[in-house]
Structure formats: C-alpha cells, structure tokens
Amino acid sequence: MSKFLIHGGNKLFGELNITAAKNSYLPILAACVLCEDEIILHNYPNYTDAQSMCEILLTLGASIKQSAGDISVDAASLFSWRIESDLACQVRSSIFMLGALLGRFKKARVAYPGGCEIGARPIDIHLSGFKKLGVKVEERHGYIFCNAEKMHSGTVLLEFPSVGATESLMMASVLLPGETRLLNAAKEPEIVDLQNFLVKMGAKIRGAGSGEIVIEGVKKLHGCEFTPIADRIIAGTYMIATAMCGGEVLLKGVNAEHLRALIDKLDKTACVISAKNDKIKVTSDGKPNALGKIETSVYPGFPTDLQAQILALSSISKGSSMIVENVFECRFKHVPELIKMGADIYIKDRVAFVRGVEKLYGASVSGMELRGTASLILAGLVAEGYTTVLNAKHVDRGYKNIEKDLASLGADIKRIDD
Ligand code: UD1
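Bear in mind that the values here come from a model prediction, so they are computed numbers and not experimental data.

Cut-off values and rules
- Residues numbered from 1 in each chain as written.
- Predicted model: local features only at pLDDT ≥ 70, side-chain atom pairs only at ≥ 80, totals over all residues.
- Heavy atoms only, no water.
- Salt bridge = Lys/Arg side-chain N within 4 Å of Asp/Glu carboxyl O.
- Helix = DSSP H or I, 4+ residues; strand = E, 2+ residues; numbered from the N terminus.
- Buried < 20%, exposed > 50% of the residue type's maximum accessible area, 1.4 Å probe, protein only.
- Pairing = 2+ DSSP bridges.
- Axes fitted to C-alpha atoms, helices over the stretch in contact; angles between N-to-C directions.
- Contact = heavy atoms within 4.5 Å.

1. As for the pattern of salt bridges
- Applying the stated criterion across every chain, the model contains 20 salt bridges.
- Its salt-bridge partner being Asp49, residue Lys22 comes within 3.6 Å of it at the nearest N-O pair. Taken together, the residues Lys22 in helix 1 (residues 22-31) and Asp49 in helix 2 (residues 48-60) connect sequence positions 27 residues apart. Each member of the pair, Lys22 together with Asp49, is buried.
- Residues participating in the shared-partner salt-bridge network are Lys22, Asp49 and Arg397.

2. Observations regarding the sheet that holds strand 3 (residues 38-41)
- One open sheet accounts for four strands, arranged 4-5-3-14; its pairing is mixed. Each of the sheet's edge strands pairs with one partner strand only, and the pair in question is strand 4 (63-67) and strand 14 (224-226). The sheet shows a mean angle of 15° between the axes of neighbouring strands, taken without regard to direction.
- As defined by bridge partners, strand 3 adjoins strand 5 (residues 70-74) across four bridges and the pair is classed as antiparallel. Each residue of the ladder has a partner; that of Ile39, found in strand 5, is Val73.
- Contacting strand 3 and strand 14, helix 7 (residues 189-200) runs over the sheet at an angle of about 155° to strand 14.

3. Things to note about the sheet that holds strand 21 (residues 351-355)
- Read from one edge to the other, the open sheet built from four strands follows the order 18-19-21-20, with strand pairing classed as mixed. A strand with exactly one partner marks an edge of an open sheet, and here the two such strands are strand 18 (292-295) and strand 20 (344-348). Geometrically, the sheet is characterised by an average inter-axis angle of 15° between neighbouring strands, direction not taken into account.
- The sheet contact formed by strand 20 and strand 21 spans five bridges and is antiparallel. Across the sheet, residue Ile347 finds its bridge partner in strand 21, namely Ala352.

If you want it as structure tokens, here you go:
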C-alpha cells in the first residue's frame, strides 16, 4: 500500500502539461466496441481506471496495443457481451459498457455496480432510458441483463442530467435505425468529446453540450484516430494547489472555458488568473480570501469533482465559507481527515461550514476516494511539518503521478511504497 510523504510550506513555480481527461477516456474506450475497425486514441493517460477499462475490453475479446502515449483498440474479434462482477467492481464506469454492448450485440450482461465511496450511485436513469427505447431489462443475482432485440429509436427525457446515463444512451443509440432524442441530457465537456469521437467514427449526432442530443442511427461505424480533451479536474486541482501554496504556475493544453466556474471562484481569493489559447496561468501570494458560498452542480456549475480540493483551500482561507454538495450524497469523507490537520469544518447534511484557520499541521491522514485524497495532498502542501497521506492508490485512479507533477513545481512530496 503506497503513501505520500509531504513536507509542507513550499511555493509552486513552473509549467505543467495537463493529461487527457479520465472522464472522456473511459466512455470513449467503451465506445470502441461499437465498430470492428482499429481505433487509435492519443495521449493515453494510464490512470488505473483507464487500465481497468482496458482489462474489461481485453476480457471481452478486444485486442489492445500501447505505444508512445497512444493506445489502439481493435474490437473486431469481440466475442463476449458479459462483464463479470470482479471487473465491474474495479471501475464503476464499466456501466458505460452496457450502452456500448447493446449497440454492438443487441444484448449485454453487466454486474450491478452497487455503491461506491461517494454515494449510492444508482443506475435507474440509465435503465429507464433503455426501457423507454424498448430494451428489456432484468435484474437478477447482482447482474443486469439487457435485451435490445426490440430496441427502437424515440425520445428519452432524463429525470436528471446524469453524465453516465447520457453517455450510455448515446452509445446504445448510434446504430439504431431512426432518430433518437435525449432531452435534459448532461452538458459536460466530456459529453461533447464523446459526441466528437462518435462523429469521427461515422455516427450522426448533434447537440451535445446543449442539453438536447439528437442521434440519427447509422448502419455501421468505422475506425478513426482521436485525441480526448485535457482533464479539467486535474487542471483545477493544480490551480487550487497554486492558490493555496502561492507561486506562479502555467498549465498547458487545457480549455479555460471548461473551468469557468472555478476561475470565477478563484478570482475572489485574490489570486490572479489569466487564460490565453490553451494555457491558464495562476499567480498567488498563498493567502487566499474566503470563497463565501459554493454549491456543486451539473456543468457549467461548480464541479463536484473539485469540491474536496476547494474545501481544502477554504480551510486555510481568510474568513468563512459554506460548501454545499448537491450532486453526491456522501462526498465529505475527507473532512474528518482535514480536521485532524487543524481545519475548522462543521458538516450538516450536505453542507460544510468552514472557518479558515491560519495554519494546518502535518498529520497522518487516510485517503478514502479519488478526489478526497487529492484534497488531503493539497492540505499537506501547505501544512506545517510532515503529512503522510495513506492509500495513495485512490488518487492514481484519475491522476498520473500526481507527486511527480507537484514535485516538478517545487513541492516536497514523495511516494513511499510499503
Ligand atoms: C460522472 C463522472 C464523475 C462526476 C459525475 C458528476 C465519469 C467516469 N464520472 O459520474 O467523475 O463526479 O459524473 O459530474 O464520467 N444518478 C441517479 N441515477 C442514475 C444515474 C445517476 O440517481 O441512473 C445520480 C447519482 O447518484 C448522482 C448524480 O445522479 O447523485 C450524478 O451522477 P452522474 O451524473 O450519473 O455521474 P456519473 O456518470 O456516475
């Protein structure tokens, strides 16, 4: 079990290239099964979640090659439409495979993903969307069986703009005769990226990003090359790290529009942010002002995936902040650990009331999930003395060598493998 050892107090200076978005890569990898030609994806990030998704594709019969930062997926000889529970548990997003396998085989069996570290994460919206399009869904012994022999195009109104459900339904509909409309669809940049990828494969889809996605079924998709977008959450994490530590950091290869909600908030902390082309520069004296009220919501609102990190910033900012987690019901597991480091945070239901303290102190803290672990690392970067962040593996799900990135900016952080 590896851990991070951090000595806090260093300012951050330098430049970083932002790697590809996990939340783009995962559905795009799943969508590769929709065609029988080779797909080449650039900037393969090698996060552990992406590795798990590749493992799923391999067990289904795809062949995968990796070279110089690219990955090629050839699903010509895909033979299975069943994902076993041990694999499905490794990466919750294997649920995307349901839509992709339905598109390819007209049937699929996926293990029920169950709960996860940040809430129950039901999949009722995915399933009711499939049912609306004529898919027969049966849930038995922890597995979901879907039969799409009678699947037809139609209009699906999503009860909530779920990212995963929107992506599953897009994948299930691209090869369906007729026109399918997804209303109240998620608008996240990763949805637009999936649309762009599917269009490159020959699909006819429009509207991603607007809340109404229209899919005209085509008979066949073909191979292509594609570069998924940069990870706005990784970029956001490093922007918050700079705001907390002080210094000047240039992030490259990132779309500032995808981070508008964070930039608007960070502007209030007195750090200076400038964005030009695909670069964002953050300059900070390391003494952030409090943020007031932040509420997570669907895009373009403040992302739930940056809530833990902004909470770490609020814990050392001048004044009080209130952070409301509207998207997931159980996403404050990092708070008791931040409190161990001296943070003054009180939780009531989905609201964290934070009174900024002058200093955090190094402690041994445990990461419980991906973004929460990132927030403990950020807290360690500003804490007095040494912080040990246990369960480093959580952060590897969505960051590639976070410690190397931060050390390259001047942070004193290293990974220790037990
Ligand atoms: C995706 C992202 C995740 C991000 C989240 C919200 C990926 C791989 N993961 O997760 O990083 O935090 O979007 O931006 O892209 N819900 C239901 N029923 C459903 C589906 C969702 O009730 O069928 C609820 C969830 O429990 C949650 C909310 O809707 O409370 C948002 O979930 P959703 O948008 O589906 O997130 P994910 O796709 O799981």
